[in-house]
Amino acid sequence: MANILTVVHTETVRLDPDKLSDLYNELGERGAEDVVCRAIEELAVRLTHCERLWRHNDMSNLRKSSRSLIAIADQIGMTAMANIARDVTLAIDAEDQPAIAAVLFRLIRVGERSLTAIWDQHDLSV
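Quick summary incoming for the structure in this document.

Reading the values: rules and limits
- Residue positions within a chain follow its written sequence, with the count starting from 1.
- In keeping with the model being predicted, local features are shown solely for residues with a pLDDT of at least 70 and side-chain atom pairs are shown and tallied solely at 80 or more, while totals for entire chains, interfaces and linings include all residues.
- Excluding hydrogens and water, the side-chain figures rest on all heavy atoms present in the structure.
- Here the nonpolar core consists of buried residues drawn from Ala, Val, Leu, Ile, Met, Phe, Trp, Tyr and Cys, with membership extended through side-chain atoms lying within 4.5 Å.
- Exposure classes here rest on a 1.4 Å probe applied to the protein chains alone. A residue is buried below 20% of its type maximum, exposed above 50%, and partly exposed in between.
- Secondary structure elements are defined from DSSP: runs of H or I of at least 4 residues count as helices, runs of E of at least 2 residues count as strands, and each element is numbered from the N terminus.
- Expected span of a helix: the number of residues minus one, times 1.5 Å.
- Here the bend at a residue means the angle between the axes of two seven-residue stretches, the one that ends at it and the one that starts at it.
- Put simply, a salt bridge is a Lys or Arg side-chain nitrogen that is within 4 Å of an Asp or Glu carboxyl oxygen.

1. A look at the nonpolar core
Part 1 of the reasoning: In this structure, L43, L62, L69, I76, M78, M81 and L107 are the most contacted members of the largest nonpolar core, which totals 36 residues.
Part 2 of the reasoning: Of all the secondary structure elements, the ones that give two or more residues to this core are α1 (17-55), α2 (59-75), α3 (79-93) and α4 (97-121).
Part 3 of the reasoning: The element contributing the most residues to this core is α1, with 12 residues.

Right, dumping it as structure tokens:
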């Protein structure tokens, strides 16, 4: 009988509260919540799009989509997600297929956890 090893990936989600505070100070509560909600929606769509692009081996558009994730994630203080999206672009530039896959799926894991964390932190409702 073979031993089966299950690997559980745990990632630290880092949110920059100063970025969010700056956003709220600059735009007010209503404006900032609008920006955060739209950013969350856009990040979720782009994460799914990145996976689809990877599955179709469309590295050029995957790079563009990853770059856009950096800007959006930075805007609302998702530093871990922004940094990992940068790593995706670096792996694409290096044409390192195993690294692209590994880092992209790390981005998806961290992205999902980051979206949940920011949603919960601000008790946002649909």
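2. Some remarks on α1
Part 1 of the reasoning: Taking 1.5 Å as the rise per residue, α1 with 39 residues should run 57 Å; its terminal C-alpha atoms sit only 34 Å apart, a clear shortfall.
Part 2 of the reasoning: In the structure, α1 departs most strongly from a straight axis at G28, where the bend amounts to approximately 120°.
Part 3 of the reasoning: With its phi angle positive at about 55°, N57 sits one or two positions after the end of α1.

3. Focus on α2
Part 1 of the reasoning: When the terminal C-alpha atoms of α2 are compared, their 24 Å separation across 17 residues agrees well with the 24 Å that a helix rising 1.5 Å per residue should span.
Part 2 of the reasoning: Where α2 is concerned, the buried positions are M59, L62, S65, S66, S68, L69, I70, I72 and A73.
Part 3 of the reasoning: One or two residues past the end of α2 sits G77, with phi positive at roughly 85°.

4. A short note on the environment of R106
Part 1 of the reasoning: Within the secondary structure, R106 sits in helix α4.
Part 2 of the reasoning: Accessibility expressed as a relative area gives 33% for R106, which makes it partly exposed.
Part 3 of the reasoning: With 18 residues separating them in the primary sequence, R106 and V88 have C-alpha atoms 9.4 Å apart.

5. Section: unusual backbone geometry
Part 1 of the reasoning: One non-glycine residue, N57, adopts positive backbone phi at about 55°.
Part 2 of the reasoning: Turning to its location among the elements, N57 is positioned in the loop between α1 and α2.

6. Some points on the pattern of salt bridges
Part 1 of the reasoning: Per the stated rule, a full pass over the model turns up five salt bridges.
Part 2 of the reasoning: A salt bridge links D34 to R38; its shortest N-O distance comes to 2.9 Å. Taken together, the positions of D34 and R38, both in helix α1 and four residues apart, correspond to about one turn of that helix.
Part 3 of the reasoning: The class for D34 is partly exposed, based on a relative accessible area of 40%.

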